[in-house]
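Descriptive structure summary
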Amino acid sequence: MRVGSAGVRARRAAEPSEPEPEEATEPVHHEHSHTEHHEHEHSHSEHEHHSGHDYNHMKEKFMNELGHLPIPMWAVGAIVVVVLVLVACFIFCIFKKCFGKKKKPKKVRERKTGRRRKEKEGEGEAGEKEGEVKKEGEEEEKEQEKLGKLEFSLDYNFTDSQLIVGILQAQDLAAMDMGGTSDPYVKVFLLPDKKKKYETKVQRKNLCPVFNETFIFKIPYAELGGKTLVLQVFDFDRFSKHDMIGEIKIPMNSVDLGQPMQQWRDLESGEKEEEKLGDICISLRYVPTAGKLTVNIMEAKNLKKMDVGGLSDPYVKIVLQQNGKRIKKKKTTVKKNTLNPYFNESFSFDVPFEQIQKVQVVITVFDYDKLGSNDPIGKTFMGYGATGVGLRHWSDMLANPRRPVAQWHTLLPEEEVDAAVKAKPR
């Protein structure tokens with residue numbers, strides 16, 4: 001009995017002692033997790049502090065380096081601004097080059113070939129289709145022929161016998177340049193004589209230019225009825241021939257000049273005139289016994305305008321050649337700012353009588369340019385292989401020995417004369 005009660009006590013005493021280790025271990029586990037969390041937060045704050053310290057260190061180093069530059073801070077700022085502006089301009093130019101091309105230049109090109117293409121299309125069709133194509137072609141042609149319009153004014157001063165022409169403005173001009181714009185100016189003259197030609201100032205990159213310029217023609221009222229006033233709008237081009245945008249022709253007998261008038265008119269496509277290069281007067285003299293050929297360059301008139309100011313600085317080069325080989329060359333002095341130069345300069349060449357029928361005298365009028373190359377205005381030649389006026393002048397010289405024979409020659413394009421000089425006579 002005692003033994004049993006003792007066993008029961010022993011069990012009871014043993015039972016409460018069992019959970020004690022668990023109670024002891026719980027705070028240890030809690031302390032361990034708390035320590036780890038504290039260490040993690042400490043390491044994270046150390047990392048943030050370290051990265052912030054690096055950034056501040058780099059910033060201080062950069063500012064120190066910037067402060068040691070040999071140029072002031074305002075200059076650095078100015079350089080940065082200039083670089084940004086240049087980059088922006090470069091990006092803008094690329095954008096305009098790629099996306100800024102308008103459709104108007106295409107219309108200008110189409111206008112030149114539109115009629116021929118429509119005629120071919122019309123010939124290939126038959127019956128109803130042909131009629132439809134013609135109607136469509138006419139509509140397209142009307143659209144393509146929209147060259148713009150010009151506002152002008154007319155008045156006549158009966159006291160001073162003056163026709164007063166005002167060039168006011170233009171609108172919706174056709175674009176002739178690749179950038180989708182034009183550099184327009186207006187030529188004003190009276191037909192049929194063309195004695196006086198006026199030009200407005202060039203309006204750069206403008207399809208709706210304002211001119212507001214006035215020109216005066218001194219002409220008696222009795223003669224005015226037989227004249228036609230011509231207003232031609234051109235696109236200025238510094239490096240090539242100026243293109244005509246359109247023109248207006250006004251017969252003066254259809255205008256009531258009793259009172260001033262001002263109106264808009266649509267431009268019409270103008271007929272292309274043959275390019276006139278000018279004329280030159282040359283005197284030839286040959287003395288058979290002495291074998292001496294004398295070429296006198298007398299004068300030139302109506303030379304083509306080669307300079308931006310509407311004039312030229314002409315001089316003449318004379319080349320004596322045989323079988324395509326130059327024997328001798330000479331040139332006149334330069335006459336500044338004139339389209340009607342007077343030279344009266346003589347040049348002598350030794351040409352034996354037996355050779356006079358085999359040589360050529362090639363005359364070229366140049367425009368002198370101080371900075372660039374001298375541009376040829378026009379050319380002519382006499383002697384072996386010449387035709388027309390050149391042949392007749394040479395023959396007259398030979399038929400009248402020792403006597404100077406003068407003759408006007410029309411200047412021709414350089415390529416045309418060069419081809420004629422090289423060609424064998426028939």
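Numbers given for residues are sequential positions, taken from 1 along each chain in its written order. Per-residue local features of the predicted model are confined to residues with pLDDT of at least 70, and side-chain atom pairs are confined, for both listing and counting, to 80 or more; whole-chain, interface and lining totals are unaffected and use all residues. Excluded from the side-chain calculations are hydrogens and water; all other atoms, namely the structure's heavy atoms, are used.

Things to note about the confidence of the model for the protein chain
Atom-level detail of predicted coordinates should not be read off regions where pLDDT is low. In the predicted model, the protein chain carries a mean pLDDT of 77, and 69% of its residues have values of at least 70. Taken together, the stretch residues 13–38 has pLDDT below 50 and engages in zero contacts with residues farther than four places along the chain or on a different chain. The quantity known as pLDDT measures the predictor's confidence residue by residue, on a range of 0 to 100. Residue contacts are defined here by distance: any two heavy atoms, one from each residue, within 4.5 Å place the two residues in contact. Every residue in residues 101–121 is under pLDDT 50, and counting partners more than four places away or in other chains gives 28 contacts.

Some points on the side chain of His409
Labels follow the DSSP assignment, with helices taken as runs of H or I lasting at least four residues and strands as runs of E lasting at least two, numbered in each case from the N terminus. The topology assignment puts His409 in strand β16 (residues 405–410). Polar side-chain contacts of His409 include one of 2.9 Å to the side chain of His393. Among residues more than four places away in sequence, those in contact with His409 are Gly278, Asp279, Ile280, Ile282, Thr380, Met382, Val389, Gly390 and His393. Residues adjacent in sequence count toward polar contacts only when both atoms are side-chain atoms; beyond that, a polar contact is any pair of N or O atoms within 3.5 Å, and within protein one must be able to donate a hydrogen and the other to accept it.

Section: the nonpolar core
What makes a nonpolar core is a set of buried Ala, Val, Leu, Ile, Met, Phe, Trp, Tyr and Cys residues whose side-chain atoms join them at distances within 4.5 Å. Note on classification: 1.4 Å probe, protein chains only; a residue is buried when its accessible area is under 20% of the maximum for its type, exposed when over 50%, partly exposed between these limits. Judged by nonpolar contacts, the single largest core of 34 residues is most densely connected at Leu163, Val188, Leu229 and Leu231. Mapped by element, the contributors of at least two residues to this core are β1 (149–157), β2 (162–171), β3 (184–191), β5 (210–218), β6 (228–235) and β7 (243–251). If we ignore the near neighbours within four places in the chain, the residues touching Val188 are Val165, Ile167, Lys196, Lys197, Tyr198, Phe215, Phe217, Leu229, Val230 and Leu231.

Quick notes on the sheet that holds strand β11 (residues 314–322)
Strand pairing follows a simple DSSP-based rule, namely that at least 2 bridges must link the two strands. If you walk across this open sheet you meet the four strands as β12-β11-β14-β15, and the pairing is antiparallel. Two strands lie at the open edges of the sheet, namely β12 (325–331) and β15 (375–383), each paired on one side alone. Averaged over all pairs of adjacent strands, the angle between their axes in this sheet comes to 20°, without regard to strand direction. As paired strands, β11 and β12 are joined by six bridges and run antiparallel to one another. From the neighbouring strand, Leu320 faces β12, where its bridge partner is Lys328. Those strands touched by helix α7 (residues 388–399) are β14 (359–367) and β15, and its axis lies near 50° from that of β15. Set on the sheet, helix α8 (residues 414–422) makes contact with β11, β14 and β15; between it and β15 the angle comes to about 25°. Lines are fitted to the C-alpha atoms to define the axes, a helix being fitted only along its stretch in contact, and any angle between axes, read from their N-to-C directions, falls within 0 to 180 degrees.

Let's talk about unusual backbone geometry
One non-glycine residue, Asp172, lies in positive phi territory at about 55°. Examined against the element boundaries, Asp172 turns out to sit in the loop between β2 and β3. Accessibility expressed as a relative area gives 51% for Asp172, which makes it exposed. Within the chain, Asn344 stands out as a residue other than glycine whose phi angle is a positive 55°.

So, the pairing of β6
Within β6, seven of the eight residues are buried, which leaves the element mostly enclosed by the surrounding structure. Two elements, β3 and β6, share eight bridges in a ladder whose sense is antiparallel. Considered in β6, the bridge of Phe189 is made with Val230. Pairing between β6 and β7: eight bridges, direction antiparallel. Following the sheet pairing, Val233 is matched in β7 by Gly246.

Quick look at a nonpolar patch on the surface
Exposure above 30% relative accessible area and the lack of any salt bridge qualify a residue for a patch; like charges then connect within 9 Å, and the nonpolar side chains Val, Leu, Ile, Met, Phe, Trp and Tyr within 5 Å. Only the protein chains shown count as cover for residues, and all accessible areas are computed by the Shrake-Rupley method using a 1.4 Å probe. Here a salt bridge means any side-chain nitrogen of Lys or Arg lying within 4 Å of a carboxyl oxygen belonging to Asp or Glu. On the surface, a cluster of nonpolar side chains totalling about 550 Å² of accessible area is made up of Ile79, Val83, Val87, Phe90, Ile91 and Ile94. Note that Val87 resides in helix α3 (residues 73–99). By relative accessible area, which is 43% here, Val87 ends up partly exposed.

Here's the deal with the state of the cysteines
In this description, a disulfide is simply a cysteine sulfur pair whose atoms lie within 2.5 Å. Here the structure, examined in full by the defined rule, presents zero disulfides. No disulfide involves Cys93; its sulfur sits 6.5 Å from that of Cys89, the nearest cysteine.

What about the sheet that holds β7?
In space, the four strands of this open sheet follow the order β4-β3-β6-β7, with antiparallel pairing throughout. Every interior strand has two partners, whereas the edge strands, β4 (197–199) and β7, have only one. Across the sheet, the mean angle separating the axes of adjacent strands is 20° when strand polarity is ignored.

Looking at the packing of aromatic side chains
Two rings from Phe, Tyr or Trp (for Trp, the six-membered ring) form a pair when their centres are within 6.5 Å of each other. A pair whose planes differ by under 30 degrees is stacked, one over 60 is edge-to-face, and the rest are tilted. Scanning all chains against the criterion turns up seven aromatic pairs. Relative to Phe158, the ring of Tyr156 lies with its centre 4.8 Å away and its plane at 75°, an arrangement referred to as edge-to-face. Judged by centre distance (5.8 Å) and plane angle (20°), the rings of Tyr185 and Phe234 are stacked. With a gap of 49 residues between them, Tyr185 in strand β3 and Phe234 in strand β6 connect regions that are remote in the sequence. A residue is classified by how much of its surface remains accessible, and Tyr185, at 4% relative accessible area, is buried. Classification of Phe234 as buried rests on a relative accessible area of 9%. Members of the aromatic cluster, joined through ring pairs, are Tyr156, Phe158 and Tyr221. Its end group placed over the ring of Phe234, Lys187 keeps NZ or CZ at 4.6 Å from the ring centre. Two limits define a charge over a ring: the Lys NZ or Arg CZ must be within 6 Å of the ring centre, and within 35 degrees of the ring normal.

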